Amino acid sequence: SCNANGPLWFLQELMFFTLFLPLILRIPVHFRLVIVICCLWVGNSYYSLDGWGITTYSNDIAFFLAGTTLQGINKEAIYSFLRKTAVWFVPFTVYIVLGVLLPEPFTFHPTNNVKFNGLSPVIGFLSMCGFSILLTIVFPKLSRLISSCSAAIFFLYASHWPLFTLYNRIASAFDVP
(Lines give C-alpha, C1' and ligand atoms only; values in the text may rest on other atoms or scores of the structure.)
Protein backbone atom coordinates (compact mmCIF):
# COMPACT_ATOMS: atom_id res chain seq x y z
CA SER A 1 0.00 0.00 0.00
CA CYS A 2 1.46 3.31 -1.10
CA ASN A 3 0.42 6.66 0.22
CA ALA A 4 -0.33 8.98 -2.71
CA ASN A 5 1.09 12.04 -0.95
CA GLY A 6 4.32 10.31 0.11
CA PRO A 7 6.71 13.07 -0.95
CA LEU A 8 4.74 15.69 0.96
CA TRP A 9 5.06 13.96 4.35
CA PHE A 10 6.88 16.97 5.73
CA LEU A 11 3.78 19.16 5.39
CA GLN A 12 1.87 16.95 7.82
CA GLU A 13 4.72 17.23 10.34
CA LEU A 14 4.98 20.96 9.76
CA MET A 15 1.28 21.44 10.51
CA PHE A 16 1.54 19.26 13.61
CA PHE A 17 4.61 21.10 14.94
CA THR A 18 2.99 24.46 14.19
CA LEU A 19 0.21 23.61 16.63
CA PHE A 20 2.85 23.79 19.37
CA LEU A 21 4.51 26.96 18.07
CA PRO A 22 3.08 29.28 20.77
CA LEU A 23 4.56 26.99 23.43
CA ILE A 24 7.86 26.56 21.57
CA LEU A 25 8.37 30.30 21.23
CA ARG A 26 8.14 30.63 25.02
CA ILE A 27 11.26 28.46 25.37
CA PRO A 28 14.39 30.65 25.62
CA VAL A 29 16.54 30.64 22.47
CA HIS A 30 19.61 29.17 24.14
CA PHE A 31 17.56 26.27 25.55
CA ARG A 32 16.02 25.63 22.10
CA LEU A 33 19.55 25.35 20.71
CA VAL A 34 20.42 22.82 23.42
CA ILE A 35 17.34 20.78 22.44
CA VAL A 36 18.38 21.00 18.76
CA ILE A 37 21.86 19.69 19.55
CA CYS A 38 20.43 16.88 21.70
CA CYS A 39 17.96 15.86 18.98
CA LEU A 40 20.73 15.81 16.37
CA TRP A 41 23.02 13.87 18.68
CA VAL A 42 20.36 11.19 19.21
CA GLY A 43 20.11 10.78 15.44
CA ASN A 44 17.14 9.30 13.68
CA SER A 45 15.15 8.19 16.71
CA TYR A 46 11.59 7.43 15.62
CA TYR A 47 8.51 8.70 17.46
CA SER A 48 4.91 7.85 16.72
CA LEU A 49 1.60 9.06 18.10
CA ASP A 50 -0.63 6.05 17.61
CA GLY A 51 -4.11 6.83 16.43
CA TRP A 52 -3.13 10.32 15.23
CA GLY A 53 -1.26 9.25 12.11
CA ILE A 54 1.73 11.32 13.21
CA THR A 55 5.22 9.89 12.99
CA THR A 56 8.39 11.91 13.30
CA TYR A 57 12.11 11.64 13.89
CA SER A 58 14.29 13.55 16.32
CA ASN A 59 16.04 15.20 13.34
CA ASP A 60 12.68 16.62 12.20
CA ILE A 61 12.09 18.09 15.63
CA ALA A 62 15.61 19.54 15.59
CA PHE A 63 15.13 21.26 12.24
CA PHE A 64 11.77 22.72 13.25
CA LEU A 65 13.25 24.10 16.47
CA ALA A 66 16.26 25.42 14.55
CA GLY A 67 13.88 27.18 12.19
CA THR A 68 12.02 28.81 15.06
CA THR A 69 15.37 29.97 16.42
CA LEU A 70 16.65 31.29 13.08
CA GLN A 71 13.46 33.21 12.34
CA GLY A 72 14.60 36.03 14.58
CA ILE A 73 17.98 36.41 12.87
CA ASN A 74 18.39 38.91 10.07
CA LYS A 75 18.36 37.00 6.76
CA GLU A 76 21.08 39.24 5.35
CA ALA A 77 23.34 38.24 8.25
CA ILE A 78 22.77 34.54 7.50
CA TYR A 79 23.42 35.09 3.79
CA SER A 80 26.55 37.11 4.55
CA PHE A 81 27.87 34.36 6.84
CA LEU A 82 27.19 31.64 4.27
CA ARG A 83 28.71 33.73 1.48
CA LYS A 84 31.94 34.16 3.49
CA THR A 85 32.12 30.49 4.50
CA ALA A 86 30.68 28.83 1.37
CA VAL A 87 34.01 27.57 0.11
CA TRP A 88 34.49 25.54 3.33
CA PHE A 89 31.39 23.49 2.58
CA VAL A 90 32.64 22.24 -0.80
CA PRO A 91 34.70 19.36 0.72
CA PHE A 92 31.62 18.22 2.67
CA THR A 93 29.55 18.35 -0.51
CA VAL A 94 32.12 16.24 -2.36
CA TYR A 95 32.27 13.82 0.59
CA ILE A 96 28.49 13.43 0.69
CA VAL A 97 28.22 12.90 -3.08
CA LEU A 98 31.04 10.34 -3.07
CA GLY A 99 29.58 8.66 0.02
CA VAL A 100 26.28 8.21 -1.80
CA LEU A 101 27.82 7.07 -5.08
CA LEU A 102 30.68 4.97 -3.69
CA PRO A 103 29.89 3.98 -0.08
CA GLU A 104 32.34 1.06 0.14
CA PRO A 105 35.66 2.95 0.15
CA PHE A 106 34.50 5.28 2.92
CA THR A 107 35.20 3.82 6.34
CA PHE A 108 33.64 6.86 8.01
CA HIS A 109 30.48 6.81 5.95
CA PRO A 110 27.66 8.86 7.58
CA THR A 111 25.35 5.85 7.88
CA ASN A 112 28.03 3.77 9.64
CA ASN A 113 28.39 6.16 12.56
CA VAL A 114 25.31 6.77 14.73
CA LYS A 115 26.55 10.04 16.24
CA PHE A 116 27.62 11.40 12.85
CA ASN A 117 24.37 10.20 11.27
CA GLY A 118 22.38 12.69 13.36
CA LEU A 119 24.55 15.53 12.06
CA SER A 120 24.45 14.39 8.42
CA PRO A 121 21.34 16.46 7.59
CA VAL A 122 23.00 19.56 9.07
CA ILE A 123 26.19 19.02 7.09
CA GLY A 124 24.13 18.28 3.99
CA PHE A 125 22.01 21.41 4.46
CA LEU A 126 25.03 23.65 5.01
CA SER A 127 26.80 22.03 2.06
CA MET A 128 23.77 22.66 -0.13
CA CYS A 129 23.61 26.30 0.99
CA GLY A 130 27.33 26.81 0.47
CA PHE A 131 27.28 25.12 -2.92
CA SER A 132 24.25 27.17 -3.99
CA ILE A 133 25.95 30.41 -3.00
CA LEU A 134 29.13 29.40 -4.83
CA LEU A 135 26.99 28.60 -7.87
CA THR A 136 25.47 32.10 -7.79
CA ILE A 137 28.94 33.64 -7.56
CA VAL A 138 30.68 31.54 -10.23
CA PHE A 139 27.74 30.92 -12.60
CA PRO A 140 25.16 33.69 -12.04
CA LYS A 141 23.23 33.03 -15.28
CA LEU A 142 22.96 29.31 -14.55
CA SER A 143 21.74 29.98 -11.00
CA ARG A 144 19.06 32.36 -12.30
CA LEU A 145 17.95 29.70 -14.81
CA ILE A 146 17.71 27.06 -12.08
CA SER A 147 15.78 29.37 -9.74
CA SER A 148 13.35 30.25 -12.56
CA CYS A 149 12.53 26.53 -12.84
CA SER A 150 11.77 26.08 -9.12
CA ALA A 151 7.99 25.79 -9.55
CA ALA A 152 8.38 23.08 -12.20
CA ILE A 153 10.97 21.26 -10.10
CA PHE A 154 8.66 21.22 -7.08
CA PHE A 155 5.77 20.01 -9.26
CA LEU A 156 7.90 17.11 -10.52
CA TYR A 157 8.95 16.29 -6.98
CA ALA A 158 5.38 16.35 -5.68
CA SER A 159 3.94 14.38 -8.60
CA HIS A 160 6.56 11.64 -8.91
CA TRP A 161 5.13 9.52 -6.09
CA PRO A 162 1.53 9.33 -7.36
CA LEU A 163 2.83 8.63 -10.88
CA PHE A 164 5.08 5.80 -9.64
CA THR A 165 2.19 4.44 -7.56
CA LEU A 166 -0.09 4.48 -10.61
CA TYR A 167 2.59 2.82 -12.76
CA ASN A 168 3.20 0.11 -10.13
CA ARG A 169 -0.50 -0.70 -9.85
CA ILE A 170 -0.95 -0.85 -13.62
CA ALA A 171 2.26 -2.88 -14.02
CA SER A 172 1.23 -5.35 -11.32
CA ALA A 173 -2.19 -5.79 -12.94
CA PHE A 174 -0.57 -6.71 -16.27
CA ASP A 175 2.52 -8.49 -14.81
CA VAL A 176 4.88 -5.90 -16.30
CA PRO A 177 8.30 -5.86 -14.60
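Keep in mind that what you see is a predicted model, and the values were worked out from it rather than measured.

## What about the overall build of the chain?
Thought 1: What the chain contains, in helices and strands, is eight helices and two strands.
Thought 2: A burial count over the chain gives 25% of its 177 residues as buried.
Thought 3: Taking the intrachain contacts of the chain between residues at least 6 apart in sequence as the baseline, contacts between residues at least 24 apart amount to 60%.
Thought 4: A total of about 12,600 Å² of accessible surface is found on the chain, and carbon and sulfur atoms cover 75% of it.

## Considerations on the nonpolar core
In globular proteins that are soluble, nonpolar side chains generally tend to be buried together.
Thought 1: Within the largest apolar cluster, 10 residues are counted, these being Phe16, Phe17, Ile24, Val36, Cys39, Leu40, Ala62, Phe64, Leu65 and Ala66.
Thought 2: Elements supplying a minimum of two residues to this core: α1 (9-19), α3 (29-42) and α4 (58-70).
Thought 3: The greatest single-element share of this core, amounting to four residues, is contributed by α4.
Thought 4: The next biggest cluster of nonpolar side chains, apart from the first, holds five residues, and it includes Leu82, Phe89, Cys129 and Ile133.

## Some details on the side chain of Arg32
Thought 1: Relative to the assigned elements, Arg32 resides in helix α3.
Thought 2: In this structure the side chain of Arg32 is engaged in a polar contact, spanning 3.2 Å, whose partner is the backbone oxygen of Thr68.
Thought 3: Among all residues touching Arg32, those that are not within four sequence positions of it are Ile24, Leu25, Ile27, Leu65, Thr68 and Thr69.

## So, the packing of aromatic side chains
Thought 1: Using the criterion set out here, one finds three aromatic pairs in the structure.
Thought 2: Seen in terms of ring centroids, Phe16 and Phe20 are 5.3 Å apart; in terms of plane orientation they differ by 70°. Their pairing is edge-to-face.
Thought 3: Relative accessible area serves as the criterion here: at 13%, Phe16 is assigned to the buried category.
Thought 4: Phe20 sits in the partly exposed class, given a relative accessible area of 36%.
Thought 5: Ring centres 5.2 Å apart and planes at 45° place the aromatic pair Phe17 and Phe64 in the tilted group. Here Phe17 is found in helix α1, whereas its partner Phe64 is found in helix α4, with 47 residues between them in sequence. Each member of the pair Phe17 and Phe64 is classed as buried.

## With respect to the packing of α3 against α4
Two measures define how a pair of helices packs: the angle their axes make with one another and the distance between the axes.
Thought 1: Relative to each other, α3 and α4 sit at 155°, their axes nearing to 8 Å. Compared by their axis directions, α3 and α4 come out roughly antiparallel. Two packed elements cross with a definite hand, and for α3 against α4 that hand is left-handed. Residues Val29, Arg32, Leu33, Ile35, Val36, Cys39, Leu40 and Val42 of α3 touch α4, and the partners they reach there are Ser58, Asn59, Ile61, Ala62, Leu65, Ala66, Thr68 and Thr69.
Thought 2: When its residues are assigned to classes, the contact of α3 with α4 shows 11 nonpolar, four polar and one charged.

## Details of the side chain of Thr69
Thought 1: Assignment of secondary structure puts Thr69 in helix α4.
Thought 2: Overall, Thr69 belongs to the buried group, its relative accessible area being 11%.
Thought 3: Within the structure, the side chain of Thr69 is placed 2.9 Å from the backbone oxygen of Leu65, a separation counted as a polar contact.
Thought 4: If we skip the residues at most four places from it in the chain, Thr69 touches Val29, Arg32 and Leu33.

## Notes on the environment of Thr18
Thought 1: Tracing the backbone shows Thr18 in helix α1.
Thought 2: Judged by its relative accessible area of 37%, Thr18 is partly exposed.
Thought 3: With 46 residues separating them in the primary sequence, Thr18 and Phe64 have C-alpha atoms 9.0 Å apart.

Here is what the cut-offs are and how they apply
Residues numbered from 1 in each chain as written. Predicted model: local features only at pLDDT ≥ 70, side-chain atom pairs only at ≥ 80, totals over all residues. Heavy atoms only, no water. Helix = DSSP H or I, 4+ residues; strand = E, 2+ residues; numbered from the N terminus. Buried < 20%, exposed > 50% of the residue type's maximum accessible area, 1.4 Å probe, protein only. Contact = heavy atoms within 4.5 Å. Areas by Shrake-Rupley, 256 points an atom, 1.4 Å probe, with all protein chains shown as cover. Core = buried A, V, L, I, M, F, W, Y, C linked by side-chain atoms within 4.5 Å. Polar contact = N/O pair within 3.5 Å; in protein donor to acceptor, adjacent residues only side chain to side chain. Phe/Tyr/Trp six-rings, centres within 6.5 Å; stacked < 30°, edge-to-face > 60°. Axes fitted to C-alpha atoms, helices over the stretch in contact; angles between N-to-C directions. Parallel < 35°, antiparallel > 145°, perpendicular 65-115°, else oblique. Left-handed = near helix turned anticlockwise from the far one by under 90°. Nonpolar A, V, L, I, M, F, W, Y, C, P; charged D, E, K, R; others polar.

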